[in-house]
Amino acid sequence: MEEQKRKWRRLSKELSLINNLDDGCLMHIFSFLSPIPDRYNTALVCHGWRFLACHPQLWLRVDRSVKDLSQPGVYPNIEIAVSAARPGDTILVAAGGSHRVSNIKIEKPLCLIGAGESPDDTTLICSRSSDSALEFMSTCKLANLTVRAELGCCLLHRSGRLTIDGCILQCESNPLDHLSYAIISTAGASEVVSSALKTCINSVSVLRTRIEGGAKAVLTSGTLSLQRVRVIYTRASLFFWFEVEGADKNTVQSASVALPIS
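Residues numbered from 1 in each chain as written. Predicted model: local features only at pLDDT ≥ 70, side-chain atom pairs only at ≥ 80, totals over all residues. Heavy atoms only, no water.

A.B. asks: Before we move on, can you summarise the overall build of the protein chain with the specific residues and values?
C.D. replies: For the protein chain, the count of helices and strands is 5 helices and 21 strands. Here the protein chain, with 262 residues, has 44% of them falling under the buried criterion. Accessible surface computed for the protein chain: about 14100 Å², of which carbon and sulfur atoms make up 52%. (Helix = DSSP H or I, 4+ residues; strand = E, 2+ residues; numbered from the N terminus. Buried < 20%, exposed > 50% of the residue type's maximum accessible area, 1.4 Å probe, protein only. Areas by Shrake-Rupley, 256 points an atom, 1.4 Å probe, with all protein chains shown as cover.)

Take a look at the structure:
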């Protein structure tokens with residue numbers, strides 16, 4: 001009991017010391033935290049930390065219910081937020097309800113994160129008339145989101161390093177074979193960026209992500225291949241870990257690589 005009291009006194013002292021820092025210093029410290037879960041958890045500590053952790057200087061927010069469009073860093077939909085974002089920004093998508101997305105091209109490094117406790121809380125829905133919900137042409141990360149496509153694909157990877165972490169990708173159940181995929185990659189193993197004459201390595205990394213419905217989980221039409229597949233079966237879902245990246249000439253499949261879902 002005494003040991004627990006000493007721990008609480010020591011913790012209270014440490015908190016009092018950090019609260020003596022000015023807001024600018026605290027925000028600089030918060031900028032080094034990973035958006036999920038660390039920076040998200042700081043917003044739960046108190047009202048002051050929530051204000052700083054959600055400051056538009058640290059990330060942009062998408063909230064469909066926003067009325068005051070002059071509020072800095074808050075946007076009514078994902079397309080406007082992506083357009084306004086600077087390279088390296090993090091976009092926090094509000095939980096609750098559904099966000100309509102259609103062929104949104106992301107051509108700069110961004111991180112899109114669902115603000116809910118689980119990916120089920122934040123859903124992006126792509127209509128039947130769209131080829132994909134999101135189209136990636138730069139290094140990006142997608143986390144804690146559900147992306148649902150009625151036809152076409154959930155995510156279209158053109159180039160860059162794409163990381164999909166803790167998401168749910170849902171496709172139309174039992175479609176025609178060529179109409180629905182969770183992920184399609186058309187990228188080659190690498191390409192030269194003409195502006196800087198640098199080589200860009202293209203890849204897709206999928207971590208602890210549920211993939212539901214559709215003809216295949218992933219399809220490649222470039223020179224990337226599916227590697228290091230790991231699947232965990234549960235009663236209701238399949239959780240996937242895999243890489244889609246360049247391989248040796250002896251192992252690359254020429255036309256496409258697809259991972260079936262039973």
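Okay, back to it.
A.B. asks: Give a detailed account of the packing of aromatic side chains, specifying residues and quantitative values.
C.D. replies: All told, the structure shown has 2 aromatic pairs when counted by the stated rule. Residues Phe-30 and Trp-49 carry aromatic rings whose centres are separated by 5.3 Å and whose planes lie at 65° to one another, so their mutual orientation is edge-to-face. A residue pair is termed long-range when its members are at least 10 positions apart, and Phe-30 in helix 2 (residues 23-30) and Trp-49 in helix 4 (residues 47-53) qualify at 19 residues. Taken together, a centroid distance of 6.2 Å and an interplanar angle of 80° make the contact between Phe-240 and Phe-242 edge-to-face. Take Phe-240: its relative accessible area is 2%, and that puts it in the buried class. Relative accessible area serves as the criterion here: at 1%, Phe-242 is assigned to the buried category. A cation over an aromatic ring shows up here: Arg-230 above the ring of Trp-241, its NZ or CZ 4.3 Å from the ring centre. (Phe/Tyr/Trp six-rings, centres within 6.5 Å; stacked < 30°, edge-to-face > 60°. Lys NZ or Arg CZ within 6 Å of the ring centre and 35° of its normal.)

A.B. asks: Can you tell me about the nonpolar core, naming the residues and giving the values?
C.D. replies: Ile-78, Ile-91, Ile-106, Leu-112, Leu-134, Leu-142 and Leu-155 are the most contacted members of the largest nonpolar core, which has 44 residues in total. It is strand 20 (residues 238-245) that provides the largest number of residues to this core, a total of 4 residues. Leu-26, Phe-30, Trp-59 and Ile-113 belong to the second largest nonpolar core, which has 15 residues in total. (Core = buried A, V, L, I, M, F, W, Y, C linked by side-chain atoms within 4.5 Å.)

A.B. asks: Lay out helix 2 with the relevant residues and their values.
C.D. replies: For helix 2, the full list of buried residues reads Leu-26, Met-27 and Phe-30. The buried residues of helix 2 occupy one face: seen down the axis, they fall within an arc of 100°. (Arc of directions from axis to C-beta.)

A.B. asks: Hey, could you go over the state of the cysteines for me, with residue numbers and the actual values?
C.D. replies: Counted under the stated rule, the structure contains 0 disulfides. Here Cys-126 is not disulfide-linked; the sulfur of Cys-153 is the nearest cysteine sulfur, at 7.7 Å. By relative accessible area, Cys-126 is classed as buried at 0%. No disulfide involves Cys-171; its sulfur sits 3.9 Å from the nearest other cysteine sulfur, which is in Cys-154. (Disulfide = S-S within 2.5 Å.)

A.B. asks: Just give me the short version of the pairing of strand 10 (residues 146-149), but keep the residues and values in it.
C.D. replies: Across 4 bridges, the pairing between strand 7 (residues 123-126) and strand 10 is parallel. The residue of strand 10 that forms the bridge with Cys-126 is Ala-149. (Pairing = 2+ DSSP bridges.)

A.B. asks: Talk me through the environment of Gly-116; I want residue IDs and the actual numbers.
C.D. replies: Take Gly-116: it is sitting in the loop between strand 6 (110-114) and strand 7. Judged by its relative accessible area of 9%, Gly-116 falls in the buried class. Ignoring anything within four residues of it in the chain, the contact list for Gly-116 reads Ala-95, Asp-121, Thr-122 and Asn-144. (Contact = heavy atoms within 4.5 Å.)

A.B. asks: Tell me about unusual backbone geometry, and name the residues and values.
C.D. replies: Although it is not a glycine, Asn-103 adopts a positive phi angle of roughly 50°. Note that Asn-103 resides in the loop between strand 4 (98-101) and strand 5 (104-106). Even without a glycine there, the phi angle at Arg-228 is positive, about 50°. Residue placement: Arg-228 occurs in strand 19 (residues 225-233). The exposure class of Arg-228 is exposed, given its relative accessible area of 53%.

A.B. asks: Break down the pattern of salt bridges for me, citing the residues and quoting the values.
C.D. replies: Evaluated as defined, the whole model comprises 7 salt bridges. Linking Arg-228 and Glu-245 is a salt bridge whose minimum nitrogen-to-oxygen distance equals 2.4 Å. Taken together, the positions of Arg-228 in strand 19 and Glu-245 in strand 20 put the pair 17 residues apart, joining distant regions of the chain. A single salt-bridge network, built from bridges that share partners, covers Asp-120, Arg-210 and Glu-212. (Salt bridge = Lys/Arg side-chain N within 4 Å of Asp/Glu carboxyl O.)

A.B. asks: Requested: an account of the confidence of the model for the protein chain, with residues and values cited.
C.D. replies: When pLDDT is averaged along the protein chain, the result is 81; 81% of the residues meet or exceed 70. This model gives residues 249-258 a pLDDT under 50, and the stretch forms 15 contacts once residues within four places in sequence are excluded. (pLDDT = per-residue confidence, 0-100.)

A.B. asks: Just give me the short version of the environment of Ala-94, but keep the residues and values in it.
C.D. replies: Position of Ala-94 relative to the elements: it lies in the loop between strand 3 (90-93) and strand 4. Sequence separation between Ala-94 and Arg-61 is 33 residues; the distance between their C-alpha atoms is 7.1 Å. Among all residues touching Ala-94, those that are not within four sequence positions of it are Val-62, Asp-63, His-99, Ala-115 and Thr-122.

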